[in-house]
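Architecture and fold: a report
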Amino acid sequence: MTTTALRPRAALLASVAGAMIVALDGTVLLIAQPDLRADLGATVSQVQWTSTAYLLSVAALLVIAGRLGDRYGHRRLLFLGVLGFGAASAGIALARDIHVVIALRAAQGVFGALLQPATLALLRLVHPADRLGGAIALRTGAIGVAAAAGPVLGGLLVTHWGWRAVFLINVPAALAIAALTLAVRTPDVPRAAARRFDLTAGALLAGALAVLVHTLAGVPDHGWTGARTGLGLLLGVLLGAALLRHERRSAHPVVPPAVARSVPVTASMALLLTTSGGLFGALFAVTFHLQQGLGLDPLAAALRCLPMTLLMIAGAPAASAALRRFGARRTALTGQLCVVLAVLALSRLTPATSWQETGLVFAVLGAGFTAVMVTATGTVVGDAPPGYAGVVGGLKQTAMNVGPTLGIAVAAGLMPLTPTAHGAPAHPALSVPDLALDRALPAVALLAALGLIPARLLPRR
């Protein structure tokens, strides 16, 4: 096999595997947390921080990591990121104290931020425009497979070997991806605009994103009207304003003007944020409906959502074909409309709704989300200005981290997630009316509907 043929294949495998290890890590941890808590004698709040610390690190550093990749090379960042991710995983598996686990999860988030933009940038560097959509569709489907397999794999590992096993499996996977990355050869790209990095701008961006994500993650506990939420949003706005002012004066802004002024790129970012917010906000609310409202166990609830997962996997190639035939604008508008309508349909769920009807709605939700993901990701990567594939990859991943946090905050802020008079103290499950799906999900649908605006700004072809 020639080097020319090997280069796209190795880059595609490295990109897919790198994205999968991150997606799998997030879902298997959810299953492992109860066992982790019991083994280390941790509080519920401390266990929650094993997820929050990772999320804060990733969200704060993704754009910066993409900028570093544009400067030093994305293959190098992917190699460093995946090795660090594996090393942090090994440390967590050996940890005997919850505080060590939290610190290492934050470190794992740093390395996760390094590798994620690189996985997208490599696809842009080695695939021609006419083959980029297929590569992105394969990556999207693989992420869906990893996310769907995570709870099952996590359950098997925790049942037979304990919570540490879910981190140990990252070690051989990381080593394999690192070895695969060495086989990747990327063409030379212009890096003149990325020779310097503004540390002040980077610190302001990281601080603003960290404060925003931390504030949104706390909305389920403190509410939208809580003092902590208000102060957090105010601080985030102040940091964001300081960043914008500094960026205008900086000779080397962290988000280059060529990227900030690209309408397809900025529209795709807004679309990804609203769509992911709609999906995860809906899943958050419906999970309570299925488990607390209808009394289903986690496995039965997961099976109700299975059509969504299947359509996310199988729909990626179809979305890529639709993108080639109908163009980015029509594909994104159709997909976004499916997401909005599906979320609205979920708000009408009742105990009398059949599983077939629920499954159909979830299938529409999965198909719409996949269509938007493939279209927006392809637009982000394909329309990235030369030399800035990493920074747009970081922006894309940032939107995909902030969006779900925002969607969950919107849903949780309108749902009374504490027992009421409808539930006896010994049985704190909420009744279906108490869950207020008819208030929470229309608000989530409105968030998703905002994505129709940037979808109209995407290129026709």
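Heads up: the structure comes first, above all this text.
Being a predicted model, the structure only gives us computed values, none of them experimental.

Each helix and strand in the protein chain was counted, giving 20 helices and zero strands. Relative to its 461 residues, the protein chain shows a buried fraction of 53%. Considering only contacts within the protein chain whose residues lie at least 6 apart along the sequence, 85% involve residues at least 24 apart. Accessible area for the protein chain stands at about 19800 Å²; split by element, carbon and sulfur atoms hold 67% of it.

Turning next to the packing of aromatic side chains. To describe a pair of aromatic rings, one takes the distance between the centres and the angle between the planes. Evaluation of the coordinates by the stated rule reveals one aromatic pair. With a centroid separation of 6.1 Å and 85° between ring planes, the pair formed by W163 and F167 is classed as edge-to-face. Here F167 falls in the buried class, since its relative accessible area comes to 1%.

Orientation of helix α14 (residues 306–326) relative to helix α16 (residues 355–382), taken along the N-to-C sense of each, is 40°, at an axis distance of 7 Å. By the angle between their axes, α14 is oblique relative to α16. Judged by the twist between their axes, the crossing of α14 over α16 is right-handed. Here α14 contributes P307, M308, L311, M312, G315, A316, A319, S320 and L323 to the contact with α16, which in turn contributes G359, F362, A363, L365, G366, A367, F369, T370, A371, V374 and T375. Taken together, the residues of the contact of α14 with α16 sort by class into 14 nonpolar, six polar and no charged.

A contiguous nonpolar patch, built from L303, L306, L310 and L311 and spanning about 330 Å² of accessible area, is present on the exposed surface. Top contributing element to the nonpolar patch by residue count: α14, with three residues. Summarising the element assignment, L303 is placed in helix α13 (residues 298–304).

So, on to a positive patch on the surface. There is a patch of like positive charges on the surface, built from R330, R456, R460 and R461. In this fold, R460 is placed in the segment after α20 (452–455).

It is worth spelling out helix α19 (residues 437–449) at this point. Taking 1.5 Å of rise per residue, the 13 residues of α19 would be expected to cover 18 Å, and the 17 Å separating its terminal C-alpha atoms lies within 8% of that figure. Among the residues of α19, those classed as buried are L437, A440, L441, V444, A445, L447 and A448. Down the axis, α19 shows its buried residues gathered within 155° of arc, on one side only. Turned more than 90 degrees away from the buried face of α19, the exposed residues are D438 and L446.

This next bit is on the pattern of salt bridges. In this structure the tally under the stated criterion is one salt bridge. For R164, the salt bridge identified is with D39, shortest N-O distance 3.1 Å. You can see R164 sitting in the loop between α5 (129–161) and α6 (165–168) and its partner D39 sitting in helix α1 (residues 3–40), a full 125 residues away along the chain. Here R164 falls in the buried class, since its relative accessible area comes to 14%.

Time to look at the side chain of Q397. Its place among the elements puts Q397 in helix α17 (residues 389–412). For Q397, a relative accessible area of 7% translates into the label buried. A polar contact of 3.1 Å, which involves the side chain of Q397, links it to the side chain of K396.

Moving on to α16. With 28 residues, α16 should cover 40 Å at 1.5 Å per step; its first-to-last C-alpha distance of 40 Å lies within 8% of that length. In terms of burial, α16 is largely enclosed, as 21 of its 28 residues are buried.

Here we take up the environment of L77. Looking at where L77 falls in the secondary structure, it is placed in helix α3 (residues 74–94). L77 sits in the buried class, given a relative accessible area of 8%. Each C-alpha atom of the pair L77 and G66 lies 8.8 Å from the other, and the pair is eleven residues apart in sequence.

Calculation rules
- Residues numbered from 1 in each chain as written.
- Predicted model: local features only at pLDDT ≥ 70, side-chain atom pairs only at ≥ 80, totals over all residues.
- Heavy atoms only, no water.
- Helix = DSSP H or I, 4+ residues; strand = E, 2+ residues; numbered from the N terminus.
- Buried < 20%, exposed > 50% of the residue type's maximum accessible area, 1.4 Å probe, protein only.
- Contact = heavy atoms within 4.5 Å.
- Areas by Shrake-Rupley, 256 points an atom, 1.4 Å probe, with all protein chains shown as cover.
- Phe/Tyr/Trp six-rings, centres within 6.5 Å; stacked < 30°, edge-to-face > 60°.
- Axes fitted to C-alpha atoms, helices over the stretch in contact; angles between N-to-C directions.
- Parallel < 35°, antiparallel > 145°, perpendicular 65-115°, else oblique.
- Left-handed = near helix turned anticlockwise from the far one by under 90°.
- Nonpolar A, V, L, I, M, F, W, Y, C, P; charged D, E, K, R; others polar.
- Patch = residues over 30% accessible without salt bridge, like charges linked within 9 Å, V, L, I, M, F, W, Y side chains within 5 Å.
- Salt bridge = Lys/Arg side-chain N within 4 Å of Asp/Glu carboxyl O.
- Lys, Arg positive; Asp, Glu negative; His and termini not counted.
- Charge placed at Lys NZ, Arg CZ, Asp CG, Glu CD.
- Expected span 1.5 Å × (residues − 1).
- Arc of directions from axis to C-beta.
- Polar contact = N/O pair within 3.5 Å; in protein donor to acceptor, adjacent residues only side chain to side chain.

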